[in-house]
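Reading the structure
As a plain string of letters, each chain reads:
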Amino acid sequence: MTHPSGVRGFIFIYLALLALLALTFGVSFFNLSGSWGLILNLSISFLKAILIGLFFMHLNRSPGLTRVFAAAGFCWLAVLLSLALTDYVSRGWIALPGRWP
Amino acid sequence: MGSPLNAGVQPQEQFKSIEQQHEAATQGMWIFLATEILFFGGIFLAYFIYRRSYSIGFERMSEMLDSFLGTLNTAILLTSSLTMALSVRAVQLEKKGSLILFLVLTLIFGVAFLTIKGFEYSEDFKNKLVLGPSFPFHGLEAVHMEMFLLIYYVMTLIHAVHLLVGICLVSLMVVKTVRSRCLPALYSPIEVIGLYWHFVDVVWLFLYPLLYLAGRPHI
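Residues numbered from 1 in each chain as written. Chains lettered and ligands numbered in written order. Predicted model: local features only at pLDDT ≥ 70, side-chain atom pairs only at ≥ 80, totals over all residues.

1. Brief notes about the overall build of chain A
- Of regular secondary structure, chain A possesses three helices and zero strands.
- When its helices and strands are written in sequence order, chain A yields α-α-α.
- Over its C-alpha trace chain A gives a radius of gyration of 19 Å, far above what one expects of a compact globule, namely 13 Å for 101 residues.
- Principal axes of the C-alpha set define a box for chain A whose edges measure 65 × 40 × 10 Å. (Helix = DSSP H or I, 4+ residues; strand = E, 2+ residues; numbered from the N terminus. Rg over C-alpha atoms; globule rule 2.2 N^0.38 Å.)

2. Some words on the overall build of chain B
- Summing up its helical and strand segments, chain B has six helices and zero strands in all.
- In chain B, the succession of helices and strands from N to C terminus is α-α-α-α-α-α.
- Over its C-alpha atoms, taken along the principal directions, chain B stretches across nearly 70 × 30 × 30 Å.
- Residue pairs at least 24 apart in sequence account for 77% of intrachain contacts in chain B once pairs closer than 6 positions are excluded. (Contact = placed C-beta atoms within 7 Å.)

3. A short note on the packing of helix H3 (residues 67-92) of chain B against helix H6 (residues 187-212) of chain B
All names here are of chain B.
- Closest axis-to-axis distance for the H3/H6 pair is 9 Å, and the angle between their directions is 165 degrees. On the basis of the axis angle, H3 is roughly antiparallel to H6. The handedness of the crossing between H3 and H6 is left-handed. Residues Ser67, Gly70, Thr74, Leu77, Leu78, Ser81, Met84, Ala85, Ser87, Val88, Val91 and Gln92 of H3 lie in contact with H6, whose contacting residues are Tyr187, Ile190, Glu191, Gly194, Trp197, His198, Asp201, Trp204, Leu205, Tyr208 and Tyr212.
- Grouping the amino acids of the contact of H3 with H6 by side-chain chemistry returns 13 nonpolar, eight polar and two charged. (Axes fitted to C-alpha atoms, helices over the stretch in contact; angles between N-to-C directions. Parallel < 35°, antiparallel > 145°, perpendicular 65-115°, else oblique. Left-handed = near helix turned anticlockwise from the far one by under 90°. Nonpolar A, V, L, I, M, F, W, Y, C, P; charged D, E, K, R; others polar.)

4. Thoughts on helix H4 (residues 96-126) of chain B
All names here are of chain B.
- Here H4 spans 45 Å end to end across 31 residues, near enough to the 45 Å set by a 1.5 Å rise per residue.
- Buried residues of H4: Leu99, Phe102, Leu103, Thr106, Phe109, Gly110 and Phe113, and no others.
- Structurally, H4 contributes buried residues whose contacts are with H3 and helix H5 (140-179).
- Looking one or two places after H4, you find Lys128, whose phi comes out positive at around 60 degrees. (Expected span 1.5 Å × (residues − 1). Buried ≥ 20, exposed ≤ 12 C-beta atoms within 10 Å, placed from the backbone.)

5. A word on unusual backbone geometry
- Even without a glycine there, the phi angle at His58 of chain A is positive, about 60 degrees.
- By the C-beta count within 10 Å, which is 20 here, His58 of chain A ends up buried.

6. Topic: the nonpolar core
- One finds Phe148 and Leu211 of chain B to be the most contacted residues of the largest nonpolar core, which totals 67 residues.
- Secondary-structure elements contributing two or more residues to this core are helix H1 (7-27) and helix H2 (36-56) of chain A together with helix H1 (18-53), helix H2 (55-64), H3, H4, H5 and H6 of chain B.
- With 17 residues, H6 of chain B is the largest single contributor of residues to this core. (Core = buried A, V, L, I, M, F, W, Y, C linked by C-beta atoms within 7 Å.)

7. So, the domain arrangement of chain A
- Domain boundaries assigned for chain A yield domain 1 (1-61) and domain 2 (64-101).
- Averaged C-alpha coordinates put domain 1 of chain A and domain 2 of chain A at centres separated by 24 Å. (Domains from an automatic or database assignment.)

8. Quick word on the interface of chain A and chain B
- Counting residues at the interface gives 39 residues for chain A, matched by 41 residues for chain B.
- For the side of chain A that touches chain B, the secondary-structure elements that each account for two or more residues are H1, H2 and helix H3 (64-90) of chain A.
- Here the side of chain A that touches chain B takes 14 residues from H3 of chain A, the largest share from any one element.
- Split by residue class, the side of chain A that touches chain B holds 30 nonpolar, eight polar and one charged.

9. Topic: the confidence of the model for chain B
- Summary statistics for chain B give a mean pLDDT of 92 and a share of 95% for residues scoring 70 or more.
- Taken together, the chains of this predicted complex give a pTM of 0.92 and an interface ipTM of 0.90. (pLDDT = per-residue confidence, 0-100.)

10. So, the packing of H1 of chain A against H3 of chain B
- Packing of H1 of chain A against H3 of chain B leaves a shortest axis separation of 10 Å and a crossing angle of 165 degrees. Judged on the interaxial angle alone, H3 of chain B and H1 of chain A are roughly antiparallel. Classified by chirality, the crossing of H3 of chain B by H1 of chain A is right-handed. Residues Val7, Phe10, Tyr14, Leu17, Leu18, Leu21 and Phe25 of chain A of H1 of chain A lie in contact with H3 of chain B, whose contacting residues are Thr71, Thr74, Ala75, Leu78, Leu82, Ala85 and Leu86 of chain B.
- Considering only residue class, the contact of H1 of chain A with H3 of chain B consists of 12 nonpolar, two polar and no charged.

11. Regarding the environment of Gln21 of chain B
Residue and element names in this part refer to chain B.
- Tracing the backbone through its elements, the reader meets Gln21 in helix H1.
- A C-alpha to C-alpha distance of 8.5 Å links Gln21 and Ser188, two positions 167 residues apart in sequence.
- Filtering out sequence-adjacent residues up to four positions away, Gln21 remains in contact with Pro11, Gln12, Phe15 and Ser188.

12. What about the confidence of the model for chain A?
- With 91% of its residues at a pLDDT of 70 or more, chain A has an overall mean of 87.
- No element of chain A has a lower mean pLDDT than H2 of chain A, which averages 92, and none a higher one than H1 of chain A, which averages 94.

Right, here's the structure in full:
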């Protein structure tokens, strides 16, 4: 039970989140080449998630063990995504008949 | 650790102190959220794999979704996260009036999100963006577009179910707060429900660009 954060801090974070949302939507009107739009959108989403995690979910003032628990889910997600996508991305590198797709 | 919040609240017998009990509760919630991250992660993985191969169909289908409503809903969920964070603050400060106010505001924003989503589904049905024989497109690309639609419905419906659970939990907290004579006893439940609520918000923050902005720009 830590001392509660101030209202101003929460509102500042909220405004930052709205600004990032406006940035995502605004950028979507421009023609970014290739995957850059996706990369930018996901980066902005990560930034928003980090702001929510640190300030709204109190990870900035949580005990170390709670932070480890919070990080664990994302670590396993990173394993899931990176190992699976490594497979799919690298399949096209060697020409084999009958590979998917 | 002395805290003004533990006055009058006894920990359950397996815990040494109310702080330890609170820590155990939040850590338990984070373990549950880790399983949820992996649960949603599997669907996100499917999205990424299919988007790589079916990119044109995905972009065409994504353009047909209402990105304005998607953006509005994102803003609503972010606002509900703010009011949820303020609810947790209110219970920490033992302010019953503002706790009820912020919980009810959170509820209103949650219900508003689901209402807009429901309206959006009905528009999708009107535009025949539904899997099945009435699907208006044909050919190989149509198969790819249907895959996007399938992922869209599965992801948004599972997200909506999660939000519905959150709404039920917050409603329960409103009732408990109104009846409560000892607000500190509600600190752990509200904090833990807050963690869940923020998590559901974070999932949407990733769904939003992947589903609504994949096809842009139109110009």
